[in-house]
Amino acid sequence: MTNEANPYAEGQAAQGRYGENGYEVVLIDEPSPGVRRIALNRPDKRNALNHQLRGELLHALEAGDADPKVKVMIVRGSGKCFSAGYDLGGGNVGQAYPFHTAGGDSQWPRHVVESWMRIWDLSKPVIAEVHGYCLAGGSELATGCDVVYAADDAQIGYPAVRFGVPDMQFHPWLLGMRKGMEMLLTGDSVSGTEAVQYGWATRSFPAEELEAATLVQAERIAAIPADILALNKRAVHRQMEAMGLRAGLRQGTEICTLATHQQSFKDFIAATQGGGKLTEALSQRDGEFGDYREDKGD
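Below or above, wherever it landed, is the structure these notes cover.

So, how was this worked out
Residues numbered from 1 in each chain as written. Predicted model: local features only at pLDDT ≥ 70, side-chain atom pairs only at ≥ 80, totals over all residues. Heavy atoms only, no water. Helix = DSSP H or I, 4+ residues; strand = E, 2+ residues; numbered from the N terminus. Expected span 1.5 Å × (residues − 1). Buried < 20%, exposed > 50% of the residue type's maximum accessible area, 1.4 Å probe, protein only. Arc of directions from axis to C-beta. Contact = heavy atoms within 4.5 Å. Core = buried A, V, L, I, M, F, W, Y, C linked by side-chain atoms within 4.5 Å. Pairing = 2+ DSSP bridges. Right-handed = clockwise from strand over helix to strand, strands pointing away. Phe/Tyr/Trp six-rings, centres within 6.5 Å; stacked < 30°, edge-to-face > 60°. Axes fitted to C-alpha atoms, helices over the stretch in contact; angles between N-to-C directions. Salt bridge = Lys/Arg side-chain N within 4 Å of Asp/Glu carboxyl O.

Its 15 residues give helix α9 (residues 245-259) an end-to-end C-alpha distance of 21 Å, which sits within 8% of 21 Å, the value for a rise of 1.5 Å per residue. Those residues of α9 that sit buried are Leu 245, Leu 249, Gly 252, Thr 253, Cys 256, Thr 257 and Ala 259. Looking straight down α9, one finds that the buried residues subtend no more than 145° of arc, so they occupy a single side. Those residues of α9 that are exposed and aimed more than 90 degrees away from the buried face are Arg 250, Gln 251, Glu 254 and Leu 258. Looking at the buried side of α9, the elements it contacts are α2 (107-121), α4 (171-174), α8 (226-242) and α10 (263-272).

In terms of nonpolar packing, the biggest core is built from 62 residues, with Leu 61, Trp 116, Val 130, Leu 141 and Trp 200 touching the most fellow members. The dominant element in this core, judged by the number of residues it contributes, is α2, at 7 residues. Beyond its immediate chain neighbours, meaning those up to four positions away, Trp 116 contacts Leu 49, Arg 54, Leu 57, Tyr 86, Gly 137, Glu 140, Leu 141, Gly 144 and Met 168. By size, the runner-up hydrophobic cluster in this structure holds 12 residues, among which are Tyr 158, Phe 265, Phe 268 and Ile 269.

Further remarks concern the environment of Ala 60. Here Ala 60 lies in helix α1 (residues 51-66). Residue Ala 60 is classed as buried on the basis of its relative accessible area of 2%. Between the alpha carbons of Ala 60 and Gly 19 there is a distance of 7.2 Å; along the sequence they are 41 residues apart. Contacts of Ala 60, omitting those with residues within four sequence positions, involve Tyr 23, Ile 28, Ile 38 and Met 73.

A separate point is the pairing of strand β4 (residues 126-130). Burial of β4 is extensive: 5 of the 5 residues sit out of reach of the surface. Burial along β4 is two-sided: Val 126, Ala 128 and Val 130 and Ile 127 and Glu 129, pointing in opposite directions, are all buried. Bridge count between strand β3 (residues 72-77) and β4: 3 bridges; the pairing is parallel. Residue pairing for β4: Met 73 is matched across the bridge by Val 126. Tracing the backbone out of β3, into α2 and back to the parallel element β4 gives a crossover that is right-handed. Relative to strand β6 (residues 147-151), β4 is paired through 4 bridges, and the arrangement is parallel. In the strand pairing of β6, Glu 129 is matched with Tyr 149.

This paragraph deals with unusual backbone geometry. Backbone geometry places Arg 46, a non-glycine residue, at a positive phi of 55°. In this fold, Arg 46 is placed in the loop between β2 (35-40) and α1. A positive phi angle is found at Ala 136, which is not glycine, with a value near 45°. Position of Ala 136 among the secondary structure elements: in the loop between β5 (133-135) and α3 (137-144). Residue classification places Ala 136 among the buried residues on the basis of a relative accessible area of 11%.

One pass over the structure, following the stated rule, counts 6 aromatic pairs. Judged by centre distance (6.0 Å) and plane angle (65°), the rings of Tyr 149 and Phe 205 are edge-to-face. With Tyr 149 in strand β6 and Phe 205 in strand β9 (residues 203-205), the pair connects residues that are 56 residues apart, well separated along the chain. Considered together, Tyr 149 and Phe 205 belong to a single accessibility category, that of buried residues. Between Phe 163 and Phe 265 the ring centres are 5.8 Å apart and the planes differ by 40°, which places this aromatic pair in the tilted class. Remark: Phe 265 occurs in helix α10 and Phe 163 occurs in the loop between β7 (155-157) and α4; sequence separation between them is 102 residues.

In this section: the sheet that holds β6. An order of β1-β2-β3-β4-β6-β9 is seen for the 6 strands of this open sheet, with the pairing classed as mixed. Either end of the sheet is taken by a strand with one partner, and the two such strands are β1 (26-32) and β9. Each strand axis lies, on average, 25° off the axis of its neighbour in the sheet, ignoring direction. Strands β1, β2, β3, β4, β6 and β9 of the sheet are contacted by helix α7 (residues 210-222), whose axis makes an angle of about 170° with β4.

All right, on to the pattern of salt bridges then. Within this structure, the stated rule accounts for 19 salt bridges. Measuring nitrogen to oxygen at the nearest pair gives 3.2 Å for the salt bridge that ties Asp 188 to Arg 162. Remark: Arg 162 occurs in the loop between β7 and α4 and Asp 188 occurs in the loop between α5 (177-186) and β8 (190-191); sequence separation between them is 26 residues. Overall, Arg 162 belongs to the buried group, its relative accessible area being 18%. Between Arg 285 and Asp 286 there is a salt bridge; the shortest N-O distance is 2.7 Å. With respect to class, Arg 285 is no different from Asp 286; both count as buried.

Shown next as structure tokens:
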């Protein structure tokens, strides 16, 4: 089982079987022929990604990939945001990892990178529909999807770089060296509109139009034969892998792990321990930057 507030702790050996007997923290609907939507459904926790939520999401995506009626899937968030990131507030208590990852140092970053690359490896396209905050682990999840449609005013960021290093270091690949560097040095976010400009998101729309616009694009994808979709998805991914993306992400998990041995990281994790201390620690982390801590997000 997992440490209550520090997923980076070693020794996570157990494996959960989330989704096999139904779903508790994802919602599934099929708004159009060939289109399946999967909603993260922990709105009271800003869709913080605990083990159960990640496990149910992966199970639902893999079930859709095996369903001949499904041609494209959409991942979105219930409530005010897509996802505020991984659950550091005790949401993993009593929960096992969704699937086995080899143990030892760097197990956690390797595990979550493997999680989102499972989406990459599905045969069917997966769309991320991003609104509100899309932070840290939430941005990793969206990055693992094939297409990203974002609200103009969405906020995509990685505030955790203010005490550590990202698990999944996609920034230089999808935002370019200069902007990726700035985001990792400051923890500042970009809007949905800016995310399109830099190359992380595919398109952005006014927030009130995002759901309908995403569905229109999903229906266009669903008009293509599934066997051809699978090959064209793979064609793009294979070229990115030939340029080194997958190897780079794996190497990045080791740099992430180095951060967990730094005193600044240890001090932050220690400050989050105990009831009510996480919010205080996050407020101290972000206070001088003047972001993220308002009511609508992380």
